[in-house]
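Chain residues, written in single-letter form:
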Amino acid sequence: NPFKLIGQMSSHLRGLLVSDILVRFCEQIPYAFVVVWCMKTIEAPVTALQFGVLTSIEMATAVLVYIPVAYLADRSAKKPFVVTTFVFFTLFPLFLLYCRSFEWLVAAFFLRGLKEFGEPTRKALIMELAPDHCKAAMFGLYYLIRDAFVSVAALGGAFLWQISPETNFLAAFGFGVLGTMGYLWYGREAGH
């Protein structure tokens, strides 16, 4: 029962959830419009093939950082890894705003791939902060709440894009800053 589970969610897990929602707003507000920006809006638009290369750079970067970072995070505090991944999420829309050519987009999509930096750590932290008797259910509740809220960001992103691409990217950046700073100041690990 999700309503019973909400009452069992610790304040530390709620804090992580709120920060995660804000950071995912940062990701989802421009998400559908990144391809439009790259292929239609910038001064030197990229081709479909070039956009495929950019996506490959993002995915390769994510794969290359995922396992080594998970290994390191198991041996140290988790908060710095989560904050770092939130920073990468936050910087992408701001960096993308100033990319006007394929060469700069390569750097932006490398940065976008780094968003996976702290993902294994954040998932492990969710499990650590969940009560022992309902870890799987709490994990599911966390994602149910997060994704329900974040789905609104995609719709909001469309309205922001109609104002201007700059408004879309800067609003996304603003949500990322709020989420990152919130977790930096208030985020806690299990036992802290």
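Residues numbered from 1 in each chain as written. Predicted model: local features only at pLDDT ≥ 70, side-chain atom pairs only at ≥ 80, totals over all residues. Heavy atoms only, no water.

**Student:** Just checking my understanding: could you explain the overall build of the chain for this structure?
**Tutor:** A tally of regular secondary structure across the chain gives 9 helices and 0 strands. When the elements of the chain are put in sequence order from the N terminus, they spell out α-α-α-α-α-α-α-α-α. For 192 residues, the compact-globule estimate of 2.2 N^0.38 gives 16 Å, and the chain sits close to it at 17 Å. Principal-axis analysis of the C-alpha atoms places the extent of the chain at approximately 55 × 35 × 25 Å. (Helix = DSSP H or I, 4+ residues; strand = E, 2+ residues; numbered from the N terminus. Rg over C-alpha atoms; globule rule 2.2 N^0.38 Å.)

**Student:** How should I be thinking about the state of the cysteines in this particular structure?
**Tutor:** Note on terminology: a disulfide is the covalent bond linking the sulfur atoms of two cysteines. Overall, the coordinates contain 0 disulfides when judged by the stated rule. The thiol of Cys 26 is unpaired, and the distance to the nearest cysteine sulfur, on Cys 99, comes to 14 Å. Looking at the unpaired Cys 99, the closest cysteine sulfur is the one in Cys 38, lying at 7.8 Å. (Disulfide = S-S within 2.5 Å.)

**Student:** Got a minute to help me understand helix H8 (residues 135-163) in this structure?
**Tutor:** Three- or four-residue spacings in an α-helix give side chains the same orientation, since the helix completes a turn every 3.6 residues. With 29 residues, H8 extends 42 Å between its outermost C-alpha atoms, agreeing within 8% with the 42 Å of an ideal straight helix rising 1.5 Å per residue. Within H8 the residues assigned to the buried category are Met 138, Leu 141, Tyr 142, Tyr 143, Ile 145, Arg 146, Val 150, Ala 153, Gly 157, Leu 160 and Trp 161. The inward-facing, buried residues of H8 abut helix H1 (2-8), helix H2 (11-31), helix H3 (34-41), helix H7 (119-129) and helix H9 (165-186). (Expected span 1.5 Å × (residues − 1). Buried < 20%, exposed > 50% of the residue type's maximum accessible area, 1.4 Å probe, protein only. Contact = heavy atoms within 4.5 Å.)

**Student:** It is not clear to me how a nonpolar patch on the surface should be interpreted in this structure. Could you clarify?
**Tutor:** Residues Leu 184, Trp 185 and Tyr 186 make up a contiguous nonpolar surface patch of about 410 Å² in total accessible area. Within the secondary structure, Trp 185 sits in helix H9. The exposure class assigned to Trp 185 is exposed, which follows from its relative accessible area of 55%. (Patch = residues over 30% accessible without salt bridge, like charges linked within 9 Å, V, L, I, M, F, W, Y side chains within 5 Å. Areas by Shrake-Rupley, 256 points an atom, 1.4 Å probe, with all protein chains shown as cover. Salt bridge = Lys/Arg side-chain N within 4 Å of Asp/Glu carboxyl O.)

**Student:** Just to check I follow, could you spell out the side chain of Asn 168 for this structure?
**Tutor:** Counting through the fold element by element, Asn 168 comes out in helix H9. Judged by relative accessible area, which is 0%, Asn 168 ranks as buried. A polar atom in the side chain of Asn 168 sits 2.9 Å from the backbone oxygen of Gly 157. Non-local contacts of Asn 168, meaning those with residues more than four positions away in its chain, are made with Ile 29, Pro 30, Phe 33, Gly 157, Leu 160 and Trp 161. (Polar contact = N/O pair within 3.5 Å; in protein donor to acceptor, adjacent residues only side chain to side chain.)

**Student:** What is the right way to look at empty space enclosed by the protein in this model?
**Tutor:** Any empty space left between atoms is shown by rolling a water-sized probe over those atoms. The final tally for this structure, using the stated rule, is 1 cavity of 30 Å³ or more. Every residue lining the largest cavity is listed: Cys 26, Glu 27, Pro 30, Tyr 31, Val 34, Phe 88, Phe 89, Phe 92, Leu 111, Arg 112 and Lys 115. Mapped onto the lining of the largest cavity, the elements with two or more residues apiece are H2, helix H5 (79-97) and helix H6 (102-113). The biggest single contributor to the lining of the largest cavity is H2, with 4 residues. Tallied by class, residues from the lining of the largest cavity come to 8 nonpolar, no polar and 3 charged. (1 Å grid on protein atoms, 1.4 Å probe; cavity = no way out; pocket = protein on both sides within 12 Å on 5 of 7 lines; lining within 4 Å. Points joined across faces, edges and corners; volume = space filled by probe spheres on them. Nonpolar A, V, L, I, M, F, W, Y, C, P; charged D, E, K, R; others polar.)

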